[in-house]
Every structure is written in C-alpha cells, then in structure tokens.
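Next come the chains, spelled out residue by residue.
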Number of protein chains: 2
Amino acid sequence: MKWDTLEEEPCSLARTVAVIGDRWSLLILRECFLRKRRFEAFQSSLGITRHLLAERLKKLVRFGVLRRIPYQESPKRYEYILTQKGLDLYPIIMSIVHWGNIHMVDSRGRPMLHQHKNCGHMFDPVMVCSECGEPLSAKAVHVHPGPGARQTSPVHAMAADDPKAKTKTGT
Amino acid sequence: MKWDTLEEEPCSLARTVAVIGDRWSLLILRECFLRKRRFEAFQSSLGITRHLLAERLKKLVRFGVLRRIPYQESPKRYEYILTQKGLDLYPIIMSIVHWGNIHMVDSRGRPMLHQHKNCGHMFDPVMVCSECGEPLSAKAVHVHPGPGARQTSPVHAMAADDPKAKTKTGT
DNA sequence: CTTTAAAGTTCTATTTTAGAACTGTCAATA
DNA sequence: TATTGACAGTTCTAAAATAGAACTTTAAAG
C-alpha cells in the first residue's frame, strides 16, 4: 500500500496517518508547538536530514497543517507556522506525550511537565465524552458505520468495488 | 537518526513515536481496538504485506503493547491481544480519528460514528485538564523541564555530552 | 574579497517496504 | 492414501524511502 492510497481510505484514522504517520512529521510538529518556526531551527534541534525536512515541510504545507510565510525579503526567507488545522493536532500530540509519560519513562522521571495557565496546576490530559463529560475507555464505546462508510465493514481498508482488492475482501 | 535512538531520547513524544510512529502500527492497533486478533485477519483487512505485518507484530509485542497468546495447540496458533499498555493508547487513537473526522472527511461524511455506552449518545472526544476539567488548547499550556530532562532545552533531541552531536547543538 | 547565515537542492549509499512465492503443521475431504 | 485448505509465518527480489554529506543561492558582515 502507498501513502497516497492511505489518504483516500474510508477511515479517519488512516487519513490522519497519511498526514502525520511517519517517523518525522510528529517530531516536526512538536517543534512547532514549542514555537520553532524556521528550517534551520527544525534541522538543528531534530537532527533530521535537510532533504527530508524539506520534503516533510512541503507535505505538511500541502495538507494545510502549516503555512509557509515570508519573514524577510532579499534574500527571501520563509518560516512555517501552524494553521488552525495544525493547532487542532494538539490533542493528538498531548495524548502521545501522556502515553510516553506513563509508559516510556525511565527512573529519572518525565522529561517535561505541563502547566495549565487557566488553573495554574501541573496537569495530565484526560479524554472525556463531549456529551456527558465522563472519561472515555475503549470498552465503553460502540462504533457504528457513518454516512461516509463503505458497505459491510465500518472501517474496512479498501474499496469493495475495486477488482484488485478481491484478495483482501477476505472471508 | 534511527528508530532505536529515537526511543532513548529525553522526550515522551519521541519515545512514543518509536513505538507507533510508522505507517502501519497505528492501523494494526485500529484493528486491535475493533477486536481483530489474528494474523490472517490483520493481513486481509489491512492489505499489509505478511512480512511487514510479522515484523510490526513482533515490535508491538516487544514494546508490551500486544501480547501473543496461543489459542490452540497442534498446530500451535497464536493471537494478539492488547495489554493494558496497549489499551492505554485509546486516547491517541481517538484523537487521531477525531482530527480526521474534522479535517479529512469528504462530502459523504464520517466513515464511522462513536457511541458512548455510559450515556448512550454519539460523541466526540474532548481533551480536558486533569486538574480543572477545562478543555485544553496549546496556547493555554506552559511547558517546563521535568526531572528526566536534559539541561538547557527541555525537549532537545540529542545528548549534549555526545561529541558526535556537536553539529546539531547549533547556535 | 572572504566568511557567514538561511533555506533549500543534489548526489550516492544504505535501509525499508512492496509484492509475490514458499514452508510447516495439522484437519478435512476425495 | 493422496490432496486440498487454513493458518501463521519466512524467504526472496525489486522498488521506494531515508541517511549523510556536499553543493547552491542570495545577501549582509568583517
């Protein structure tokens, strides 16, 4: 399977993975959320090759996650800032960080702490139901096919009307 | 940078990316959360090559996200189930799905809907502060170096005491 | 006139992934 | 008894992505 087919699948997870599901994009976005904006800044703090960084930035701009904005003329230089679509990735970033905080820390403890400006406390993110406000767990959730689903399987990976896909449609 | 150095970095995001930050792991985990457990089931619904699937399953088992359990003797067959560590990935999965629901849907609408068994409603996940319960946004959060941080930069990608890293320590 | 800085681009070598075929164990079937 | 099929992988080669380093362009600074 290729990246470009991934982004067309009838699955919101697959489509998002097409945007951020590679080794570098999330790390670049981490830097964005830490107020880094420039090519050199990304490159030096991540140690990513310049070639790949250029590619990834282009991709994130193409998907509308970042915007490329000139910050000086002659020589023309650009910086990358998060769009609203990019800012909306924050819950993903935070839940990833939180999982790492719980499951991937060594004896030295957390590499960083988060403080909520509104209430002043150090916090962890908690995912709750938009309707009742209770914390969510996988077992308390039912999935249903939505209007954008493909026939039988709600999150099936391929188009059933694709003749090439017949080996995958399975039993 | 290699995957194995990624998992040792003083950053919870980088460490988590070392586990789930590739093209396939999140899709495999999606299937796990949809109660798929077997090699053939993963392979046929994802269209992943058998080779890579075997690799990814090994990796997820190695990281303690899945457990490989025999479900029959002779011939010995195994299935893969989520550990608690794996179940804890649920907020990551849900926030990824939610972002896709908001930003990657076509005119047909969402591929799937989520119902909260506790309250009965279709819902969206919301990320809130563990201390005050308010929804979180990037701008309302301050980051601080924690006990597991490396000197100057709280989320810096490499060890400053690593002589090879000097080109990256930058200006 | 040379050096430096930023933001890339270009190149080759290495690693990963895709795609397909093959293996081993057993049960069911002809 | 021989054959087929299911399952859970392994093994191969070709194609694609990534690593690592050098090079380019524009313009200011020494």
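Residues numbered from 1 in each chain as written. Chains lettered and ligands numbered in written order. Predicted model: local features only at pLDDT ≥ 70, side-chain atom pairs only at ≥ 80, totals over all residues. Heavy atoms only, no water.

Caption draft 1: Expanded view of the packing of aromatic side chains. By the definition in use, this model includes two aromatic pairs over all chains. Aromatic pair F33 of chain A and Y90 of chain A: ring centres 5.3 Å apart, planes at 50°, arrangement tilted. One end of the pair, F33 of chain A, is in helix α3 (residues 25–33); the other, Y90 of chain A, is in helix α7 (residues 90–103), with 57 residues separating them in the sequence. Of the two residues examined, F33 of chain A and Y90 of chain A, each falls in the buried class. Looking at R62 of chain B, its charged tip hangs above the ring of F63 of chain B, at a distance of 5.2 Å from the centre. (Phe/Tyr/Trp six-rings, centres within 6.5 Å; stacked < 30°, edge-to-face > 60°. Helix = DSSP H or I, 4+ residues; strand = E, 2+ residues; numbered from the N terminus. Buried < 20%, exposed > 50% of the residue type's maximum accessible area, 1.4 Å probe, protein only. Lys NZ or Arg CZ within 6 Å of the ring centre and 35° of its normal.)

Caption draft 2: Inspection of the state of the cysteines at higher detail. All names here are of chain A. One pass over the structure, following the stated rule, counts zero disulfides over all chains. With no disulfide of its own, C129 lies closest to C132 among cysteine sulfurs, the gap being 3.8 Å. Looking at C129, the relative accessible area reads 1%, which means it is buried. (Disulfide = S-S within 2.5 Å.)

Caption draft 3: Broad picture of the protein's contact with DNA strand D. Residues in close proximity to DNA strand D total 22 residues, the closest being R56 of chain A together with M1, Y71, R77 and Y80 of chain B. Here, DNA strand D places atoms within 4 Å of the protein, and 64% of those atoms are sugar or phosphate. Within the side chain of E40 of chain B, one N or O atom sits 3.1 Å away from a base nitrogen of DNA strand D. Counting residues per element, the ones that place at least two in the surface near DNA strand D are α5 (50–62) of chain A together with α4 (39–46), α5 (50–62), β1 (66–72) and β2 (77–82) of chain B. Counting residues per element, the surface near DNA strand D draws most heavily on α5 of chain B, which supplies four residues. Among the residues forming the surface near DNA strand D, the class breakdown is nine nonpolar, three polar and ten charged. (Near = heavy atom within 4 Å. Polar contact = N/O pair within 3.5 Å; in protein donor to acceptor, adjacent residues only side chain to side chain. Nonpolar A, V, L, I, M, F, W, Y, C, P; charged D, E, K, R; others polar.)

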